[in-house]
Amino acid sequence: PQCPQTHPCASPPAGFQDVHVQLLLSFGLLVAFLSRYGPGSAAIIILITAFSIQWAVLMQGMLFFFLSGKISVGAQSMVSADFCTAAVLISTGAVLGRVSPVQMLLLALLEVTLGTLHEFILLRLLGVSDSGGSLTVHTFGAYFGLMVSRVLYQPHKDKRKREEQQDKGHHKDVFAVVGTIYLWIFWPSFTSTTTAHHDGENWAVLNSYFSLVASTMSTFILSPVLHEESTPRMVQLQDATLAAVAMMGMAGEMLLTPFGALIAGFLVGLITPLGFRFFTPVLHSKLKIQDTCGVHNTHGLPGVLGALLGTLLTLLATADTFGYRLELLFPLVTQGSRTVTDQALIQLSALPLTLLFATLGGCITG
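Let me sum up the structure you'll find in this document.

Thresholds, definitions, all that
- Residues numbered from 1 in each chain as written.
- Predicted model: local features only at pLDDT ≥ 70, side-chain atom pairs only at ≥ 80, totals over all residues.
- Heavy atoms only, no water.
- Helix = DSSP H or I, 4+ residues; strand = E, 2+ residues; numbered from the N terminus.
- Buried < 20%, exposed > 50% of the residue type's maximum accessible area, 1.4 Å probe, protein only.
- Contact = heavy atoms within 4.5 Å.
- Areas by Shrake-Rupley, 256 points an atom, 1.4 Å probe, with all protein chains shown as cover.
- Polar contact = N/O pair within 3.5 Å; in protein donor to acceptor, adjacent residues only side chain to side chain.
- Patch = residues over 30% accessible without salt bridge, like charges linked within 9 Å, V, L, I, M, F, W, Y side chains within 5 Å.
- Salt bridge = Lys/Arg side-chain N within 4 Å of Asp/Glu carboxyl O.
- Expected span 1.5 Å × (residues − 1).

1. A word on the overall build of the protein
So, point 1. From N to C terminus, the protein includes 15 helices and two strands.
So, point 2. For the protein, with 366 residues in total, the buried portion stands at 55%.
So, point 3. For the protein, the proportion of contacts with a sequence separation of at least 24, taken over those separated by at least 6, is 82%.
So, point 4. Of the accessible surface of the protein, which amounts to about 15,500 Å², a share of 68% is contributed by carbon and sulfur atoms.

Next up, the structure:
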């Protein structure tokens, strides 16, 4: 049934098309970069996207868009389904090449169900502000996939697959070039599509772009220190781009100044390559987690840092600093039901809750 004109899902948001471009082009190319699985994995990504969107429309419709005994379908419900699908695609990046298409469909079926329940608890029951998905998309998707990878760990097969993937960096860079360009063009619109108010879109776009440019600069600075090449490869710039926008998921629409966005982007641009150099080997050797596409460093860690940054900005939220945005971002604070400190504690408590849902869900799915 069509929604009434007064319903918020009746008018498409400005970034509606950009969200779809991100899913099929940016995510599809970045997840499908392995030359051994390139064309095949790109097709699988389209399959997973098509299935996940349909299932997410039903699951989210029952909790978020259920009106008068019917699920209302509109632009906003499709965008919400796309966000849920993005978390599934992040998870597939951790197990790409190690599971069959049928297993990926099972992963999507279970993750969309658990992810929708997790999102309902955070956004509706607890009143957490996370419009860009630092927790609900990036952190949840990354650690869900990592736990699936941990359960599926098989040392002999993983060793053979790593050997097969050596000396194939050219195709990886070609995919990364196109995917990174699309990230730069469309991701700020992706993070601003579900903001609480129209003015918040401008803040989310600006903060995302400032974070992007700073993260890219820090990657160019740090790359010669960690690697022999004087110029970073496109894959490293792709990782910096993903990390920068993942960090702005929660904090993007908040009153983060350009200087603050630059500092945050610069720091996450340093943390991501350091994670690949030092933490990823530990992740594999000690924790037995084979992270095929490096989602922990590009989505997991930045998502956690984004949640911490959002908590800090929530503590600084006052009527003098936020103005009318305070009521739109934190309505329970302006209504007197909570203090700013209470809201900040709830924002912070959402992080361990997300990790709990992701790890338990990933273990069950694995």
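Resuming the write-up.
2. Points about the side chain of S134
So, point 1. In this fold, S134 is placed in helix α5 (residues 134-151).
So, point 2. At 2.8 Å, the side chain of S134 forms a polar contact with the backbone oxygen of A246.
So, point 3. When near neighbours in sequence (up to four residues on either side) are disregarded, S134 contacts T139, A246, M247, M248, G249, M250, G303, G306 and A307.

3. Details of a nonpolar patch on the surface
So, point 1. The grouping of V177, V178, I181 and I185 at the surface amounts to a nonpolar patch, some 300 Å² of accessible area in total.
So, point 2. Topologically, I181 is positioned in helix α7 (residues 169-192).

4. With respect to helix α15 (residues 340-365)
So, point 1. The end-to-end C-alpha distance of α15 is 37 Å, a good match for the 38 Å that 26 residues give at a rise of 1.5 Å each.
So, point 2. Looking at α15, one finds that the buried residues are Q343, A344, I346, Q347, A350, L351, T354, F357, A358, G361, G362 and T365.
So, point 3. Tucked into the core, α15 has its buried residues touching α4 (101-125), α5, α9 (234-251), α11 (295-315) and α14 (331-334).

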